[in-house]
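# Chains, contacts and geometry: an overview
Here's the letter readout for the chains.
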Amino acid sequence: MSEAIHLVRQEFTATALVEVADRTEFSHSSSPPDNVASKALLRHGAIRLSGVPGRLHETVVPDEATSVNANELPDIVLLTETNASALLTQRLGRGVAAILPVIDATCRGRGTPDHRRADIAVDRASQRLIEEAVEMLRPAVRRLRSLPREVIETDDPRLMLLTRLFVRDRPFAPRSEVSARETFVYDDEAAIPGAATLAEQLTELGLLERKFVDKTTVCPHCASARMTVREHCSKCGCANIVQEPIVHHLKCAWQGPERDFRRGSELICPKCLQQLKNFSVDYDRPGSIGICLSCSHLSTEHKVGFLCLDCDSRVEARNVDSKTIYSYGLTSAGRACVAGGSPLPQYASISGRVRAFAGRHSALGEPCSILFARLHRPQGVEENGDAWRHTCVFFGLIMRESFTPETEIIEAAPVFLALLGRDRKAEVEQHLPQIRERLDRHLALAPKLELVVFSPDEIPGIAERPGKAA
Ligand SMILES: [Zn+2]
Ligand SMILES: [Zn+2]
Ligand SMILES: [Zn+2]
């Protein structure tokens, strides 16, 4: 009889967190477990285990594994005391701590930081359960051992993330989490803080690829995705709306909500004061209407809006933000990077890109200039709303189409830069009216467009430019 092993993979679960549960009814009644796992261990060589914080007790180390000293590099780490995960980096160094497989043997169950940090959790720190957990991690250990030492000990957090995924052979994926403001979490961030941002950078470098998971509605004020949807009154904004049947007095043609006709058990027309007795002879009911119980406003179409549970803002549907959630898988280039141990290309900042551009042209003795464009958001348009974001995205497209294809465009909405090779500042300034006309012709929200041209020696001014309209 085998152990009960639960794969607690929820819908969006990122880590292949596995729980090995000890069923006491089996462990008492059955003979000692057969040694299939141990034989497999023998074939592939002993796996080196390290306990954190303390050295593992000899009685729990599986027969074919060894417990290593604190100064040796293990294959797998076991957390043996509550909050041990907080010691991993200090004990192993940042890179190794982020990459090595971890077994939570604190037996504290779900929801603890140790559990979130682990790849596998055991319910009881017995030799048998640890042996099974170790065996499940054997493929990960095999991949780990195939890697160059400098990759495992890297201090580049981007390479840590790639290597972590490579060793576990799985994507960087989110898990739904109602207690999180974003309503999902990437558990790998417990091992590599900021991993979600790194994943985006690695995608730009072609080392990870995104896969759509979900799209959440997000509060434009506080970025929380904990928003509830409600129908609200288009006049006063209150959600206290009820639907009521409409009564139509056939003789005088008056129609209104039933409450206006109701006098106890009778229906009396509020216009001509006649009593309505027979349905379809005196009156009919052509439909229903929403009534705001707060301001009595009648409407067949109340607005749909959102209430942010974190900051209490009421937000109209057209002003909500949205966030697309992705999982990120290694590309073949990403795998090659990890397996080969070559350093990753640097992710260039905006000022870095501008400086590199100016440097290239000055080395060639060519003139160049930088066109700075900033969109100023009109009043009443939410900064994080869909309408404004679409405007910025659209403006980025126009920027690209307005210059020659080889022109490098940097988008950092609402700021956009066009790096203009071979054009002097004075020449570009002469053409600013035409450039302006082309750029802001199609913008529906009519934002104010600020355009400034810089020469390469004014580059520091670009970075320090204050966010005010010129
Ligand atoms: Zn109202
Ligand atoms: Zn009437
Ligand atoms: Zn909010």
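For the structure, see preceding data.
Summarised in this report is the structure supplied together with it. Within each chain, residue numbers correspond to sequence positions counted from 1 in written order. Here every chain gets a letter starting at A, and every ligand a number starting at 1, in the order they are written. Local features in a predicted model are, by the rule used here, given only for residues with pLDDT of at least 70; side-chain atom pairs are given and counted only at 80 or more, and totals for whole chains, interfaces and linings are based on all residues.

In these notes, a nonpolar core means any group of buried Ala, Val, Leu, Ile, Met, Phe, Trp, Tyr and Cys residues linked to one another through C-beta atoms within 7 Å. Here a residue counts as buried when 20 or more other C-beta atoms fall within 10 Å of its C-beta, as exposed when 12 or fewer do, and as partly exposed in between; the C-beta atoms come from the backbone. One finds Ile76, Ile103, Ile130, Leu161 and Leu162 to be the most contacted residues of the largest nonpolar core, which totals 61 residues. Among the elements that take part in this core, helix 9 (residues 157-168) stands out by supplying 7 residues, more than any other. Residue contacts for Ile130: discarding those within four places in its chain leaves Val60, Pro62, Ile103, Ala105, Val122 and Ala125. Residues Ala358, Ile370, Ala418 and Val453 belong to the second largest nonpolar core, which totals 21 residues. Runs of E in the DSSP output that reach at least two residues are strands. Runs of H or I that reach at least four are helices, and both are numbered from the N terminus. Placing a C-beta atom from the backbone of each residue, one calls two residues in contact when those atoms lie within 7 Å.

Geometry of a packed helix pair, given as the angle between the helix axes and the separation of the axes. Orientation is described by axes fitted as lines to C-alpha atoms, over the contacting stretch for helices, and by angles from 0 to 180 degrees between their N-to-C directions. As a packed pair, helix 9 and helix 12 (residues 332-340) sit with axes 9 Å apart at the nearest point and diverge in direction by 95°. For the element pair helix 9 / helix 12, the angle class is roughly perpendicular. Along its contact with helix 9, which presents Leu162, Thr163 and Phe166, the element helix 12 presents Gly334, Arg335, Cys337 and Val338. Gly counts as polar in this scheme, as do all residues outside two lists: the nonpolar Ala, Val, Leu, Ile, Met, Phe, Trp, Tyr, Cys and Pro, and the charged Asp, Glu, Lys and Arg. Here the contact of helix 9 with helix 12 is composed, by residue class, of 4 nonpolar, 2 polar and 1 charged. Here is the rule for angles: anything less than 35 degrees is roughly parallel, anything more than 145 is roughly antiparallel, 65 through 115 is roughly perpendicular, and the remaining ranges are oblique.

Our focus in this paragraph is the packing of helix 7 (residues 138-145) against helix 9. The geometry of helix 7 relative to helix 9 is characterised by a closest axis approach of 7 Å and an angle of 135° between their N-to-C directions. With respect to each other, helix 7 and helix 9 are oriented oblique. Here Ala140, Arg143 and Leu144 of helix 7 come into contact with helix 9, specifically with Phe166, Val167 and Arg168. When the residues that make up the contact of helix 7 with helix 9 are grouped by side-chain class, the tally is 4 nonpolar, no polar and 2 charged.

Turning to the sheet that holds strand 20 (residues 314-316), a few remarks are in order. If you walk across this open sheet you meet the 3 strands as 11-19-20, and the pairing is antiparallel. The open sheet has two edge strands with one neighbour each: strand 11 (227-232) and strand 20. Across this sheet, the average inter-strand angle for adjacent strands is 35°, counted without regard to direction. Where strand 11 and strand 19 (residues 303-308) come together, 6 bridges link them in antiparallel fashion. Bridging from a neighbouring strand, Val229 pairs with Phe306 of strand 19. A pair of strands is considered paired only if DSSP assigns at least 2 bridges between the two.

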